[in-house]
Structures are given as C-alpha cells and as structure tokens.
Amino acid sequence: MSEITPLLGPVDDNIYYKRDDLYCPWGDVNGGKVRQAEALFETEEVQSSMGVIASVSVHSPTGPVISRVAEEYNKHCIIAIGGTTPERLDKLPMMKLTKHYGADVRIVAGHGMKTAINARVNEICEETGYHNIDYSKHIYQNRDLMFDTNSEQVWNIPNELDVLVMSVGIGIQFACVLKGLKRFNKKVKRIIGVQIGPDRRKLIDGYLNQNPLTEPRFDLEYELVQYKSAYSKSEIQKVGGFYLDDIYEAKAHKWMLKNIDPNQKTLFWCVGRRLTSDEVESICKR
C-alpha cells in the first residue's frame with residue numbers, strides 16, 4: 001500500500017476531511033491525479049514512448065499535473081488546448097504553470113470542443129509516437145492501476161459514516177472512492193457527488209461496470225446533485241486552516257454546508273487543489 005494521506009477531524013464536531021490534496025511529492029501539484037499520473041508513467045507503454053501528450057481545459061490542473069510528472073520522468077510533454085490565443089497563455093495560471101514545467105503547449109483548435117482537440121491529439125500521436133495520457137481512456141485501458149492506486153486512500157476514513165460528500169468533474173476520482181468503500185467495507189448511509197458541470201451518472205456507471213456480462217454489477221448506491229454555477233467561476237474558501245480547490249471543492253463544500261444536517265457524521269473528500277495565482281507566480285519566479 002502506498003502512502004496514505006491524512007484524515008482531518010472531526011472539525012465542528014461532526015465533519016471529517018480526507019486530505020488527499022496532501023499527496024504532494026514535489027511540493028506543488030497535488031492530489032489523486034498526481035498519484036495516478038505517476039503510476040501511468042511507470043507503465044511500459046509510457047516508458048517506451050517518445051513522449052506524452054494530453055488534451056486539457058485551460059483552467060484545469062491536469063495540464064500542470066501531467067507536465068510536472070513528465071518533467072520528473074524526463075519525458076517530453078505536449079499539452080493540447082483549444083479556445084484561447086497565444087497572448088492569453090501567460091495570463092491563465094494553469095497554462096503559465098504548465099509551460100513553466102517544460103511542456104510544449106499547443107493550441108490545436110479554435111474552440112474548446114473536446115472532439116476537435118482529441119482528433120488533433122490522435123493525429124499527433126500517429127505523427128510522433130507519443131502516448132496520450134487521457135484519464136478517461138486509461139480508466140478502461142488500465143482499470144486496475146487507475147482504481148487501485150487511489151481507492152486504497154479510503155483505508156483510513158471512519159468505518160461508519162452518515163454522509164460522504166465529494167466534488168465531481170468527469171467522475172473518475174469519485175468512482176475510485178466508491179471502489180475503495182467496497183474494498184475496505186466502509187459503511188456509508190449516503191454517498192453524494194456534487195457535480196460541477198454536466199450530469200456524469202452514465203460515465204460513472206460505465207467506469208464501475210466495464211464487464212457487465214462477466215462481472216456482477218457494482219451495487220453501492222450513490223447520489224449525484226448539481227451545483228449551478230459557471231464552471232470557471234472561482235469560489236475561494238478556507239476551512240480548517242487550508243484552502244479548497246476554487247473551481248470544484250469549494251462549491252461542493254458550500255453545497256454540503258447548506259444541505260447536510262450538521263449533526264450527521266460527515267466526511268468531505270479533498271481530491272486535490274489547483275494552485276492559486278499567487279502560488280503560480282511564486283513558482284514561476286524561482
């Protein structure tokens with residue numbers, strides 16, 4: 001079992017915080033995505049590739065995560081984006097940090113539509129022999145690696161909870177936690193994913209039930225709720241002496257405080273935090 005990140009709490013009597021954002025091997029990028037990226041970079045398919053490429057949103061911490069891990073593994077890295085201009089790259093903190101870690105940031109589409117960006121990424125892979133680091137593909141192609149690497153972090157949460165709350169982007173980290181709850185036989189009365197973006201139930205069910213003809217259906221029940229806010233809108237929130245991710249977790253935490261009975265034994269899962277603009281500036285000045 002790899003390093004288990006801490007459990008904070010209870011705070012305000014009943015709320016625990018799983019601090020997976022404290023997985024921070026180099027003191028900057030952090031969280032479950034970093035752990036999974038490291039595991040992927042250890043695979044033969046990445047080790048033997050000429051380099052790596054990933055398509056990301058300009059606001060996503062995935063760009064800095066992939067480029068930072070690539071830097072540690074001495075792999076050339078291309079980050080493919082759309083819907084911006086060269087002049088804006090150094091004004092967007094996640095893109096500025098991605099470039100700082102040595103990635104070749106390429107604008108491959110005039111908009112941010114995933115289909116167009118992915119089409120160009122596939123062409124670049126064919127042209128260069130680079131490996132596409134795409135979490136949404138690896139959850140199927142490297143299922144055990146992706147699930148086991150992060151599901152083991154459930155090990156140190158309380159054995160019984162009334163509520164577990166977690167932010168949901170495309171749902172991969174949420175699915176990993178669900179797998180961990182089964183793996184360690186944790187008893188949780190309500191499992192709630194707060195969606196920052198579109199509904200992801202079909203995706204999550206697909207991650208969990210990849211072989212419906214040969215494997216029993218994953219049987220943990222969970223709820224998904226929608227947080228109505230513009231994706232890129234930042235909401236700064238500090239709790240227990242630390243900051244939450246401003247795009248995802250602060251919004252999920254705000255929903256939790258408004259909708260969950262404070263007398264219930266509740267755990268909030270901190271997936272990982274994008275660095276603030278000030279932190280990015282500090283790193284880039286080093």
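Above this text you will find the structure in question.
Attention here is on the structure that accompanies the text. (Residues numbered from 1 in each chain as written. Predicted model: local features only at pLDDT ≥ 70, side-chain atom pairs only at ≥ 80, totals over all residues. Heavy atoms only, no water.)

**A word on the overall build of the chain**
Keep this limit in mind: Numbering of helices and strands runs from the N terminus; a helix is a DSSP stretch of H or I covering at least four residues, while a strand is a stretch of E covering at least two. Computation of the radius of gyration draws on C-alpha atoms, with the globule rule given as 2.2 Å multiplied by the number of residues to the power 0.38. Burial classes: relative accessible area under 20% of the type maximum marks a residue as buried, over 50% as exposed, and values in between as partly exposed (1.4 Å probe, protein chains only). Residue contacts are counted whenever heavy atoms from the two residues lie within 4.5 Å of one another. Under the convention used here, Asp and Glu are negative, Lys and Arg are positive, and both His and the chain ends fall outside the count. The location of each charge is read from NZ of Lys, CZ of Arg, CG of Asp or CD of Glu.
On a plain count of helices and strands, the chain comes out with eleven helices and twelve strands. Computed over the C-alpha atoms, the radius of gyration of the chain is 19 Å, within 12% of the 19 Å expected from 2.2 N^0.38 for a compact globule of 286 residues. In terms of its C-alpha atoms, the chain occupies a principal-axis envelope of roughly 55 × 50 × 35 Å. By the burial criterion, 53% of the 286 residues in the chain qualify as buried. In the chain, the proportion of contacts linking residues at least 24 apart, taken out of those at least 6 apart, comes to 73%. If you average the places of the 37 positive and of the 38 negative side-chain charges in the chain, the two averages end up 4 Å apart.

**Looking at the packing of helix α7 (residues 143–151) against helix α8 (residues 172–183)**
To keep it simple, the criterion reads: Axis lines are fitted through C-alpha atoms, for helices just across the contact stretch, and the angle between N-to-C directions can take any value from 0 to 180 degrees. For classification purposes, an angle smaller than 35 degrees is called roughly parallel, one larger than 145 roughly antiparallel, one from 65 to 115 roughly perpendicular, and anything else oblique. Here is the rule for handedness: rotate from the far helix to the near one, and if that takes an anticlockwise turn smaller than a right angle the crossing is left-handed, while a clockwise turn gives right-handed. Each residue is assigned to one class: nonpolar for Ala, Val, Leu, Ile, Met, Phe, Trp, Tyr, Cys and Pro, charged for Asp, Glu, Lys and Arg, and polar for all the others, Gly among them.
At a closest axis distance of 8 Å, the pairing of α7 and α8 adopts a crossing angle of 70 degrees. It follows that α7 is roughly perpendicular to α8 by the angle criterion. Crossing of α7 over α8 shows right-handed handedness. Between α7 and α8, the residues in contact are Met 146, Phe 147, Asp 148, Asn 150 and Ser 151 and Ile 172, Gln 173, Ala 175, Cys 176, Lys 179, Gly 180 and Arg 183, respectively. Of the residues assigned to the contact of α7 with α8, the class counts are five nonpolar, four polar and three charged.

**What about the pairing of strand β8 (residues 187–195)?**
Our working rule: For two strands to pair, DSSP has to find at least two bridges joining them. Convention used here: a crossover is right-handed provided that the path from the first strand, over the helix, to the second strand proceeds clockwise when the strands point away from the viewer.
Pairing between strand β7 (residues 160–168) and β8: eight bridges, direction parallel. The residue bridging Met 166 from the neighbouring strand is Gly 193, located in β8. Each parallel crossover has a hand, and for β7 linked through α8 to β8 it is right-handed. Note that β8 and strand β9 (residues 223–226) share four bridges and pair parallel. Within the sheet, the bridge partner assigned to Ile 192 lies in β9 and is Glu 223.

**What to know about the sheet that holds strand β1 (residues 7–11)**
Pairing is mixed across the open sheet formed by six strands, whose spatial order is β1-β2-β12-β7-β8-β9. Each end of this open sheet is capped by a strand with a single partner; those strands are β1 and β9. Each adjacent strand pair in this sheet contributes to an overall mean axis angle of 25 degrees, direction not counted. Across the face of the sheet, helix α10 (residues 249–259) comes into contact with β2 (15–19), β7, β8, β9 and β12 (266–270) while running at roughly 170 degrees to β12.

**Here we look at the side chain of Ser 151**
Mapped onto the elements of the fold, Ser 151 is located in helix α7. Residues in contact with Ser 151, not counting those within four places in the same chain, are Cys 176, Lys 179, Gly 180, Arg 183 and Phe 184.

**Describing the sheet that holds strand β3 (residues 52–55)**
Read across the open sheet, the four strands follow the order β5-β4-β3-β6; overall the sheet is parallel. The strands lining the two open edges of the sheet, one partner per strand, are β5 (104–109) and β6 (131–132). Note that β3 and β6 share two bridges and pair parallel. Each bridged residue has a counterpart across the sheet, and for Val 52 the counterpart in β6 is His 131. Packing of helix α5 (residues 114–128) onto the sheet brings it into contact with β3, β4 (77–82), β5 and β6, and relative to β3 it is tilted by some 170 degrees.

**Quick notes on the side chain of Gln 153**
With respect to the helices, strands and loops of the structure, Gln 153 is situated in the loop between α7 and β7. What makes Gln 153 buried here is its relative accessible area of 0%. Setting aside its immediate chain neighbours within four residues, Gln 153 contacts Ser 2, Glu 3, Ile 4, Thr 5, Lys 18, Asp 20, Arg 35 and Trp 269.

**Regarding the pairing of β7**
The element β7 is largely enclosed, with a buried count of eight among its nine residues. Pairing between β7 and β12: four bridges, direction parallel. Note on β12: the bridge partner recorded for Leu 164 is Leu 267.

**Let's talk about the environment of Val 56**
By the secondary structure assignment, Val 56 is in the loop between β3 and α3 (62–72). Residue Val 56 is classed as buried on the basis of its relative accessible area of 7%. Spatially, the C-alpha atoms of Val 56 and Gly 112 are 9.1 Å apart, while their sequence positions differ by 56 residues. Discounting chain neighbours no more than four positions away, the residues touching Val 56 are Thr 62, Gly 63, Ile 79, Ala 80, Ile 81 and Met 95.

**What to know about the packing of aromatic side chains**
Convention followed: Aromatic pairing here means that ring centres of Phe, Tyr or Trp (its six-membered ring) are within 6.5 Å. Orientation follows from the plane angle: under 30 degrees is stacked, over 60 is edge-to-face, and everything else is tilted. Our definition puts a charge over a ring when NZ of Lys or CZ of Arg is within 6 Å of the ring centre and also within 35 degrees of the ring normal.
Taken as a whole, this structure holds five aromatic pairs when the rule is applied. A ring pair is formed by Phe 41 and Tyr 73, whose centres lie 5.4 Å apart and whose planes are at 45 degrees; its orientation type is tilted. Of this pair, Phe 41 sits in helix α1 (residues 32–41) while Tyr 73 sits in the loop between α3 and β4; the two residues are 32 residues apart in sequence, bridging distant segments of the chain. Take Phe 41: its relative accessible area is 1%, and that puts it in the buried class. A ring pair is formed by Phe 174 and Tyr 222, whose centres lie 5.5 Å apart and whose planes are at 75 degrees; its orientation type is edge-to-face. With Phe 174 in helix α8 and Tyr 222 in the loop between α9 (201–208) and β9, this pair connects stretches of sequence that are 48 residues apart. For the pair shown, Phe 174 and Tyr 222 are each scored as buried. In textbook terms, an aromatic cluster arises when at least three aromatic residues are bridged by ring pairs, as seen for Tyr 17, Phe 242 and Phe 268. Positioned above the aromatic ring of Phe 147 is the side chain of Lys 179, whose terminal nitrogen or guanidinium carbon lies 5.0 Å from the ring centre.

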